[in-house]
Amino acid sequence: MKDIGIAPSILAADFGYLMRDIKAVENNADYLHIDVMDGHYVNNISFGIPVIESIRKYTDMKFYTHLMITNPEKYIKAFADAGSDNITFHVECAEDPDSVIDSIKALGKSAGISVHPDTPIEKVFPYIGKVDIILVMTVYPGFGGQGYLESSDERLRKLRKAIDDQGADTIISVDGGVTKANIGHIYECGARLFVAGSSVFRAEDPAKAIDELKRCGTSS
Ligand code: DX5
Ligand code: ZN
């Protein structure tokens, strides 16, 4: 089970009991995935910096902040100061992704770049070896509870090959529609860090759901 990670997405948590839901996963999860949406890049608005600052006070979990926002360069410092450990932005949203990556790293944080399902996967190849995480969206960003897009398989395989060919240690992460039934297959396609919203927080026992996802991911 060593090279698989699970990052529960709090988008599927009950915001009225947010800290209770985070505590339910903190010992089993590898990261806490935090979806920030601005109503511009995606057709939804979630939450932002003050919420991250607040939850930071009550857990030592690694925060994997997924910025679904335009002009990410304007907000990197704020999200770093709020307590993010990783900051992931969309390749579609940055005019100069290299400088965004540099500013994340200059703040001592782990950097990630994410790619929309309609963007050619090759768009992120220049950042292999430069970022810590490449986040492949396996649903259309904006909402939880959608089904995994089958077209992601080929994209993941291409990215896996490109990373392996370079001997890079960049982690392939996936976000959207991950379930116990498909995680083994997605792992085979090359992903290693799985964001999971509904399949963790809508489960009766979220901690157990994480362990089961890990088991299903590496069992074949
Ligand atoms: C979608 C978000 C995801 C979402 C995943 O825009 O980036 O992180 O919470 O939710 P599920 O796992 O329910 O597809
Ligand atoms: Zn996300």
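Preceding this paragraph is the structure being described.
What comes next concerns the included structure. Small disclaimer: the values here were computed from a predicted structure and weren't measured. (Residues numbered from 1 in each chain as written. Chains lettered and ligands numbered in written order. Predicted model: local features only at pLDDT ≥ 70, side-chain atom pairs only at ≥ 80, totals over all residues. Heavy atoms only, no water.)

1. Overview of the packing of aromatic side chains
Then step 1. This model, assessed by the stated rule, comprises two aromatic pairs.
Then step 2. Between Phe15 and Phe47 the ring centres are 5.6 Å apart and the planes differ by 90 degrees, which places this aromatic pair in the edge-to-face class. Taken as a pair, Phe15 in the loop between strand E1 (5-8) and helix H1 (18-25) and Phe47 in the loop between strand E2 (32-37) and helix H2 (49-56) lie far apart in primary sequence, 32 residues in all.
Then step 3. Under the relative-accessibility criterion, Phe15 is labelled partly exposed at 43%.
Then step 4. Judged by its relative accessible area of 12%, Phe47 falls in the buried class.
Then step 5. Ring centres of Tyr31 and Tyr64 lie 5.5 Å apart, and the angle between their planes is 65 degrees; on these two criteria the pair is classed as edge-to-face. Of this pair, Tyr31 sits in the loop between H1 and E2 while Tyr64 sits in strand E3 (residues 63-68); the two residues are 33 residues apart in sequence, bridging distant segments of the chain. With respect to burial, Tyr31 and Tyr64 carry one shared label: buried. (Phe/Tyr/Trp six-rings, centres within 6.5 Å; stacked < 30°, edge-to-face > 60°. Helix = DSSP H or I, 4+ residues; strand = E, 2+ residues; numbered from the N terminus. Buried < 20%, exposed > 50% of the residue type's maximum accessible area, 1.4 Å probe, protein only.)

2. Let's talk about the coordination of the zinc ion (ligand 2)
Then step 1. Within the protein, the zinc ion (ligand 2) binds to His33 (NE2), Asp35 (OD), His66 (ND1) and Asp175 (OD); these donor distances fall in the range 2.0 to 2.3 Å.
Then step 2. Taken together, the six donor atoms surrounding the zinc ion (ligand 2) define angles of 69 to 169 degrees at the centre, an arrangement classified as octahedral.
Then step 3. We classify His66 as buried; its relative accessible area is 0%. (Donors = N, O, S within 2.8 Å, 3.2 Å for Na, K, Ca; no water. Tetrahedral: all angles 85-135°; square planar, octahedral: opposite > 155°, others 65-115°.)

3. A short note on the site of ligand 1
Then step 1. The full set close to ligand 1 counts 20 residues, and Asp35, Gly142, Asp175, Gly197 and Ser198 are the nearest of them.
Then step 2. Contact between ligand 1 and Gly142: an oxygen atom at 2.8 Å from a main-chain N or O atom of the residue.
Then step 3. The separation between an oxygen atom of ligand 1 and a polar side-chain atom of Ser198 is 2.5 Å.
Then step 4. Compared with its free state, where it exposes 380 Å², ligand 1 has 98% of that area covered by protein.
Then step 5. Examining the composition of the shell around ligand 1, we find that three residues originate from one element, E2, more than from any other.
Then step 6. Of the residues belonging to the shell around ligand 1, the class tally is eight nonpolar, 10 polar and two charged. (Near = heavy atom within 4 Å. Polar contact = N/O pair within 3.5 Å; in protein donor to acceptor, adjacent residues only side chain to side chain. Areas by Shrake-Rupley, 256 points an atom, 1.4 Å probe, with all protein chains shown as cover. Nonpolar A, V, L, I, M, F, W, Y, C, P; charged D, E, K, R; others polar.)

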